[in-house]
Number of protein chains: 2
Amino acid sequence: MKILIIEDEHKTGDYLKQGLSEAGFVVDLVRNGTDGMHTAVTEDYDLVVLDVMLPGMDGWQVLKAIRADGKDLPVLFLTARDRVEERVKGLELGADDYLVKPFAFSELLARVRTLLRRGKSIEPVVLSAADLELDLLRHRVTRARKQIDLTTKEFALLELLLRRQGEVLPRSLIASQVWDMNFDSDTNAIDVAVRRLRAKIDDEFEPKLIRTVRGMGYVLEVPERA
Amino acid sequence: MKILIIEDEHKTGDYLKQGLSEAGFVVDLVRNGTDGMHTAVTEDYDLVVLDVMLPGMDGWQVLKAIRADGKDLPVLFLTARDRVEERVKGLELGADDYLVKPFAFSELLARVRTLLRRGKSIEPVVLSAADLELDLLRHRVTRARKQIDLTTKEFALLELLLRRQGEVLPRSLIASQVWDMNFDSDTNAIDVAVRRLRAKIDDEFEPKLIRTVRGMGYVLEVPERA
DNA sequence: CGGAGGCTGACAGCCGGATTACAAATGCGT
DNA sequence: ACGCATTTGTAATCCGGCTGTCAGCCTCCG
């Protein structure tokens, strides 16, 4: 199995190459978009790992070029934490999966293997709870069939809550997943964000989906009928 | 559940070992990187708690060695400074979670449990005794199928009693696990907390599950029918 | 019968969360 | 690059109810 890594950052690139080699793959690494694109279309790979942050020709162009070439070549792209639009864009351009930096190597490995086996995205496209739906691809949210505009943070927060539906998520976890920060106890940014999200998806609907667990965090769940 | 602590600092190491032992885990403590690495790969642990600040072979090398060994062994690392790069480095090297020192012991315990649950799912999600159930993820308690609202302290206390079902738990142990404090003999906070818990889960139900052992502490158990 | 240990109800301080207003930052179009 | 609109973080305040303390009572056991 041959894998091509297109990554500008030296540390990350070397790290990925080494890790994947150790996992038993044949790995090539190129450090800029132009070369990456050429290599990807001329040689024969089973998978491309692509950083979207590249100097010169960026990840989008590379991805577009690969897709224009018509090959059925799985592409896994790497994107910064809070860029939901980036992920949407990537998936719309035909990437097969994405990973948010920073990530655990084991996570990358798992996805690489899945892509090689199935060749398709492992991401569900629509998350839902009761009459609430969240479409990852289109970046759209509806409740009771009515469309709701969410900001980036609200969307990311709701996505997290939906993915871990039924679990009480501590503030510290939410902070690390939705914000790129450690929990700084003297900020109520999360509370406020939840408030704003509630205003849009819960205030004028029933049942209420977001529940506060005092001293613990927040859960999104469909309440049991009494 | 076996946990390995790799920690150079004496005080922290002892503190962690004692706390985790009291929580019911089997705990080994190693005080330097070289031994730690060796122990981690040769023996059979369910989790490693790893300080990155180690003399000689540092935490990164230990982590790398463990991962190179190919085991699917959850690693929680402790970092002194709140440096984003450190955190990223740790996660990239394959750690599963991190904690910034200083931390509350209860926080560590929560994360340890999460990792154990996620890693192997041997860790139960629902604790129960007779018709009493406690759902850790949803943070919900029912008795005889009726939902019961518990406060944070009540929940923590009941969780402890259920985890150590059948064991008589001395007040001092309860104090250290549920409160982040040492037992201060001239407080009856624990008695009061137990009273309040009983009011909710025992008063209007049979059989009574919480029993007082005079001079010893409290046990939660399903009484044998006479 | 006395004392220690445990139970109980009242009470008040305090904590965690909700809410709102405002300031800073981000981003978008030109 | 600039200015405007929107988003996002911070801070201040409010509120309910959690939780530790205490005083008095009960119960077990010597």
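Below you will find a few notes about this structure. (Residues numbered from 1 in each chain as written. Chains lettered and ligands numbered in written order. Predicted model: local features only at pLDDT ≥ 70, side-chain atom pairs only at ≥ 80, totals over all residues.)

### Some points on the overall build of chain A
Part 1 of the reasoning: Across its full length, chain A carries eight helices and twelve strands.
Part 2 of the reasoning: Here chain A holds 226 residues, and 31% of them are scored as buried.
Part 3 of the reasoning: Look at the contacts in chain A between residues 6 or more apart in sequence, and 55% of them connect residues 24 or more apart. (Helix = DSSP H or I, 4+ residues; strand = E, 2+ residues; numbered from the N terminus. Buried ≥ 20, exposed ≤ 12 C-beta atoms within 10 Å, placed from the backbone. Contact = placed C-beta atoms within 7 Å.)

### Regarding the protein's contact with DNA strand C
Part 1 of the reasoning: As a matter of local geometry, DNA strand C sits amid 16 residues, with Arg195, Thr212 and Arg214 of chain A together with Arg195 and Thr212 of chain B nearest to it.
Part 2 of the reasoning: Counting only elements with at least two residues in the surface near DNA strand C, the list comes to α8 (189–201) of chain A together with α8 (189–201) of chain B.
Part 3 of the reasoning: Each residue belonging to the surface near DNA strand C can be placed in one class, and the counts come to four nonpolar, six polar and six charged. (Near = placed C-beta within 6 Å. Nonpolar A, V, L, I, M, F, W, Y, C, P; charged D, E, K, R; others polar.)

### Examining the packing of helix α6 (residues 152–163) of chain B against α8 of chain B
Residues and elements named next belong to chain B.
Part 1 of the reasoning: Where α6 meets α8, the closest approach of the two axes is 10 Å, and the angle between their N-to-C directions is 85 degrees. Comparing their axes, α8 and α6 come out roughly perpendicular. Residues Lys153, Glu154, Leu157 and Leu158 of α6 lie in contact with α8, whose contacting residues are Ala193, Arg196, Leu197, Lys200 and Ile201.
Part 2 of the reasoning: Of the residues contributing to the contact of α6 with α8, the split by class is five nonpolar, no polar and four charged. (Axes fitted to C-alpha atoms, helices over the stretch in contact; angles between N-to-C directions. Parallel < 35°, antiparallel > 145°, perpendicular 65-115°, else oblique.)

### A short note on the sheet that holds strand β12 (residues 217–220) of chain A
Residue and element names in this part refer to chain A.
Part 1 of the reasoning: On the basis of which strands lie adjacent, the open sheet formed by three strands has the order β10-β12-β11 and antiparallel pairing. The open sheet has two edge strands with one neighbour each: β10 (169–170) and β11 (210–213).
Part 2 of the reasoning: Taken together, the two bridges between β10 and β12 define a ladder with antiparallel strand orientation. The residue of β12 that forms the bridge with proline 170 is glycine 217. (Pairing = 2+ DSSP bridges.)

### Describing the sheet that holds strand β5 (residues 97–100) of chain B
All names here are of chain B.
Part 1 of the reasoning: In spatial order, the strands read β2-β1-β3-β4-β5; together these five strands make up an open sheet with parallel pairing. Looking at which strands have only one partner, the edges of the open sheet turn out to be β2 (26–30) and β5. Ignoring which end each strand starts from, the neighbouring axes of this sheet average 20 degrees apart.
Part 2 of the reasoning: Pairing of strand β3 (residues 47–51) with strand β4 (residues 75–79), which is carried by four bridges, proceeds in the parallel orientation. Residue valine 49 lies in a different strand from β4, and its bridge partner there is leucine 76.
Part 3 of the reasoning: Sheet strands in contact with helix α1 (residues 10–22) are β1 (2–6), β2 and β3, and its direction is about 170 degrees off that of β2.

### Describing α8 of chain B
All names here are of chain B.
Part 1 of the reasoning: Across its 13 residues, α8 extends 18 Å between first and last C-alpha, which sits within 8% of the 18 Å expected from 1.5 Å per residue.
Part 2 of the reasoning: Those residues of α8 that fall on the buried side of the exposure criterion are Ile190, Val194, Leu197 and Ile201. Seen end-on, α8 carries its buried residues on one side only, within an arc spanning 65 degrees. Residues of α8 that are exposed and point more than 90 degrees away from the buried face comprise Asp191, Val192, Arg195 and Ala199. (Expected span 1.5 Å × (residues − 1). Arc of directions from axis to C-beta.)

### Structural notes on the environment of threonine 39 of chain B
Part 1 of the reasoning: Take threonine 39 of chain B: it is sitting in helix α2 (residues 33–42).
Part 2 of the reasoning: For threonine 39 of chain B and arginine 195 of chain B, which are 156 residues apart along the polypeptide, the C-alpha to C-alpha distance reads 45 Å.

### Remarks on the pairing of strand β8 (residues 140–143) of chain A
Residues and elements named next belong to chain A.
Part 1 of the reasoning: Bridge analysis of strand β7 (residues 132–135) against β8 gives four bridges, and the strand direction is antiparallel. Across the sheet, residue aspartate 135 finds its bridge partner in β8, namely arginine 140.
Part 2 of the reasoning: Sheet topology note: the β8/strand β9 (residues 146–148) ladder contains three bridges and is antiparallel. In the sheet register, valine 141 faces β9, and the bridge partner there is isoleucine 148.
Part 3 of the reasoning: Once β8 ends, the chain turns through two residues before running back antiparallel as β9, passing alanine 144 with a positive phi of about 50 degrees.

### Points about the environment of glycine 36 of chain B
Residue and element names in this part refer to chain B.
Part 1 of the reasoning: When you line up the elements, glycine 36 lands in helix α2.
Part 2 of the reasoning: Residue classification places glycine 36 among the buried positions, given that 27 C-beta atoms sit within 10 Å.
Part 3 of the reasoning: Distance in space between the C-alpha atoms of glycine 36 and valine 194 is 40 Å, their sequence separation being 158 residues.
Part 4 of the reasoning: When near neighbours in sequence (up to four residues on either side) are disregarded, glycine 36 contacts Ile6, Val30 and Val62.

### So, the protein's contact with DNA strand D
Part 1 of the reasoning: In the vicinity of DNA strand D lie 23 residues, with Thr151 and Thr152 of chain A together with Thr151, Lys153 and Thr187 of chain B positioned nearest.
Part 2 of the reasoning: Within the residue set of the surface near DNA strand D, elements represented by two or more residues are α6 (152–163) and α8 of chain A together with α6 and α8 of chain B.
Part 3 of the reasoning: Taken together, the residues of the surface near DNA strand D sort by class into eight nonpolar, nine polar and six charged.

### Some remarks on the packing of α2 of chain B against helix α3 (residues 59–68) of chain B
Residue and element names in this part refer to chain B.
Part 1 of the reasoning: Running from N to C, α2 and α3 cross one another at 20 degrees; their axes reach a closest spacing of 9 Å. What the angle tells us is that α2 and α3 run roughly parallel. The crossing of α2 and α3 is right-handed. Of α3, the residues touching α2 (which contributes Gly33, Gly36, Met37, Ala40 and Val41) are Gly59, Gln61, Val62, Ala65 and Ile66.
Part 2 of the reasoning: Residue classes in the contact of α2 with α3 are distributed as six nonpolar, four polar and no charged. (Left-handed = near helix turned anticlockwise from the far one by under 90°.)

### Observations concerning the pairing of strand β1 (residues 2–6) of chain A
Residues and elements named next belong to chain A.
Part 1 of the reasoning: Of all five residues that make up β1, four are buried, and the element is covered over most of its length.
Part 2 of the reasoning: Summarising the sheet, β1 and strand β2 (residues 26–30) pair through five bridges and their orientation is parallel. Along β2, the bridge assignment pairs leucine 4 with aspartate 28.
Part 3 of the reasoning: Judged from the four bridges that link them, β1 and strand β3 (residues 47–51) form a sheet pairing that is parallel. Bridging across to β3, isoleucine 5 finds its partner in valine 49.

### Some remarks on helix α3 (residues 59–68) of chain A
Residues and elements named next belong to chain A.
Part 1 of the reasoning: Turning to α3, its buried residues number three or more, namely Gly59, Val62, Leu63 and Ile66. One side of α3 carries all its buried residues, which in axial view fall inside an arc of 95 degrees.
Part 2 of the reasoning: Note on α3: the residue one or two positions beyond its end, glycine 70, has a positive phi of about 85 degrees.

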